[in-house]
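Residue-level structural notes
One letter stands for each residue in the lines below.
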Amino acid sequence: EGRTPNNTVNPDALDFYYSGLQLYADSFRENGSIVSAREALRAAVELEPEFSEAWSALVKAGIYWSSGPLARDKTAFIRQLERDIQRALELNPFDPSLHAALVSWHARTTLDLDLAHHHLAEAERLAPNAVDTLLAGGTYFWVIGAGDKSIELYLRAQRQDPLNTPLKFSVAQRQ
């Protein structure tokens, strides 16, 4: 429910979406570009405004980028990201990875721990054992000062995704 059937999506939008996902994945390596990923994902949603997965990916890339060097105008970037979040939630309120990303956004950026907890509960309801959900829980519990619970969730995520280098770094950092 809430997912866009691939057979109804403009093929060019799909190309931009998959390019954006690849660029986003590459952003964790030195040859990746989060800026290029966001540009490709933005092109996908401009071509296909109802493409919920592209909106979700655009939001996740924006949240990732919001903790690093941003566009020249941080206020405008944050306002646009908040509009993107609203649109992604409108199109697919049942996307557990979107809710998981919003845990970090609210726990670390807007500092709204009640909203962070709400999105964590939604992610846990929709996909309790997904790596994204476990990481979101780890982030939430770290922010509220429950370090042992945070590490427990990060270690569970690491057992499910043992080759995830950024996750290994997060586990080490919390330990």
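Analysis parameters
Residues numbered from 1 in each chain as written. Predicted model: local features only at pLDDT ≥ 70, side-chain atom pairs only at ≥ 80, totals over all residues. Heavy atoms only, no water. Helix = DSSP H or I, 4+ residues; strand = E, 2+ residues; numbered from the N terminus. Expected span 1.5 Å × (residues − 1). Buried < 20%, exposed > 50% of the residue type's maximum accessible area, 1.4 Å probe, protein only. Contact = heavy atoms within 4.5 Å. Salt bridge = Lys/Arg side-chain N within 4 Å of Asp/Glu carboxyl O. Patch = residues over 30% accessible without salt bridge, like charges linked within 9 Å, V, L, I, M, F, W, Y side chains within 5 Å. Areas by Shrake-Rupley, 256 points an atom, 1.4 Å probe, with all protein chains shown as cover.

This brings us to helix α7 (residues 131-143). An α-helical turn contains 3.6 residues, so any two residues separated by three or four positions project in the same direction. With 13 residues, α7 should reach 18 Å at 1.5 Å per residue; the first-to-last C-alpha distance of 18 Å fits that figure. Where α7 is concerned, the buried positions are Val131, Thr133, Leu134, Ala136, Gly137, Gly138, Thr139, Tyr140 and Phe141. On its buried face, α7 sits against α5 (96-110), α6 (113-126) and α8 (147-160). Where α7 ends, the next residue or the one after it, glycine 145, has phi of about 90°, a positive value.

A word on the pattern of salt bridges. The full count for this structure, using the stated rule, is 5 salt bridges. Residue arginine 87 pairs with glutamate 50 through a salt bridge whose shortest N-O separation is 2.7 Å. With a gap of 37 residues between them, arginine 87 in helix α4 (residues 74-91) and glutamate 50 in the loop between α2 (34-47) and α3 (52-66) connect regions that are remote in the sequence. For glutamate 50, a relative accessible area of 47% puts it in the partly exposed group. Its salt-bridge partner being glutamate 122, residue arginine 125 comes within 2.9 Å of it at the nearest N-O pair. Note that arginine 125 and glutamate 122 are positioned in helix α6 at a spacing of 3 residues, about one turn of the helix. For arginine 125, a relative accessible area of 53% translates into the label exposed. Using a relative accessible area of 18% as the deciding quantity, one classes glutamate 122 as buried. Sharing partners across several salt bridges, the network here consists of Glu50, Arg87 and Glu90.

This part covers a nonpolar patch on the surface. A cluster of nonpolar side chains, namely Leu113, Val143 and Ile144, defines an oily patch on the protein surface of about 200 Å² accessible area. Examined against the element boundaries, leucine 113 turns out to sit in helix α6. Given the relative accessible area of 33%, leucine 113 is considered partly exposed.

It is worth spelling out unusual backbone geometry at this point. Although it is not a glycine, leucine 111 adopts a positive phi angle of roughly 60°. With respect to the helices and strands, leucine 111 occurs in the loop between α5 and α6.

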